[in-house]
Amino acid sequence: MARQRRPQRRKQPRAGSFRCAGCKADVPMDAPGTAHRNHCPQCLTSLHLDRRVPGDRDAGCGGRMEAIGVTVKGAGEWMLIHECRRCGGLGVNRIAGDDNALTLMRLAMRPLAGSRLSL
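Residues numbered from 1 in each chain as written. Predicted model: local features only at pLDDT ≥ 70, side-chain atom pairs only at ≥ 80, totals over all residues. Heavy atoms only, no water.

*Asks:* If you had to explain the overall build of the chain to someone new, which residues and values would you point to?
*Replies:* A tally of helices and strands in the chain yields one helix and six strands. Secondary structure of the chain in N-to-C order comes out as β-β-β-β-β-β-α. Taking all 119 residues of the chain together, the buried fraction comes to 25%. Taking the contacts inside the chain whose residues are at least 6 apart along the sequence as the reference set, 31% of them involve residues at least 24 apart. Just so you have it, the chain exposes about 8800 Å², and 51% of that area is on carbon and sulfur atoms. (Helix = DSSP H or I, 4+ residues; strand = E, 2+ residues; numbered from the N terminus. Buried < 20%, exposed > 50% of the residue type's maximum accessible area, 1.4 Å probe, protein only. Contact = heavy atoms within 4.5 Å. Areas by Shrake-Rupley, 256 points an atom, 1.4 Å probe, with all protein chains shown as cover.)

*Asks:* Which residues make up the environment of methionine 79, and what are the values?
*Replies:* Inspection of the secondary structure puts methionine 79 in strand S5 (residues 78-84). Once the C-alpha coordinates of methionine 79 and glycine 91 are considered, the two residues, 12 residues apart in sequence, prove to be 9.8 Å apart. In contact with methionine 79, not counting residues within four places along its chain, are Gly69, Val70, Thr71, Lys73, Val92, Asn93, Arg94 and Ile95.

*Asks:* Can you break down the pairing of strand S6 (residues 90-94) residue by residue, with the values?
*Replies:* Burial along S6 is one-sided: the residues Gly91 and Asn93 are buried and none of Leu90, Val92 and Arg94 is. Strand direction decides the pairing type here: S5 and S6, joined by five bridges, are antiparallel. The residue of S6 that forms the bridge with isoleucine 81 is valine 92. Between S5 and the antiparallel strand that follows it, S6, lie five residues; glycine 88 among them carries a positive phi value of about 85°. (Pairing = 2+ DSSP bridges.)

*Asks:* I'd like to hear about the pairing of strand S4 (residues 64-72), residue by residue, with values.
*Replies:* In this sheet, S4 lies alongside strand S3 (residues 46-47) in antiparallel orientation, the contact comprising two bridges. Paired with leucine 47 across the bridge in S4 is arginine 64. Between S4 and S5, which follow one another and run antiparallel, lie five residues, and glycine 76 among them has a positive phi close to 90°.

*Asks:* Residues and numbers for the sheet that holds S4, please.
*Replies:* The antiparallel open sheet is built from four strands, whose spatial order is S3-S4-S5-S6. Of all strands in the sheet, those bounded by a partner on one side alone are S3 and S6. Set on the sheet, helix H1 (residues 101-113) makes contact with S4 and S5; between it and S4 the angle comes to about 70°. (Axes fitted to C-alpha atoms, helices over the stretch in contact; angles between N-to-C directions.)

Next comes the structure, spelled out in structure tokens:
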């Protein structure tokens, strides 16, 4: 006799948080250093929700945005470069104070990984 499986209960994130589309962590909405938390501080994954203004929710895509690199603004502020896996759109977002430093450094070093420079 085959054993019946119970359906999985969908876990709801706590109020004031969202579930990361990449690593499935519960991410708090409050982020040090920015007014709009838009990515997971562990894996840096985001969703393609905004079009031009943070929080506008005008992008109809809703695809998963993967962090592909970092750039630095004139004042030395680090920004994440995200690429949408569904539509290919690019976005630039401010890093937050609690973003994983090792993950950020891996992104920053990525251009040098394939070069002939010796570190």
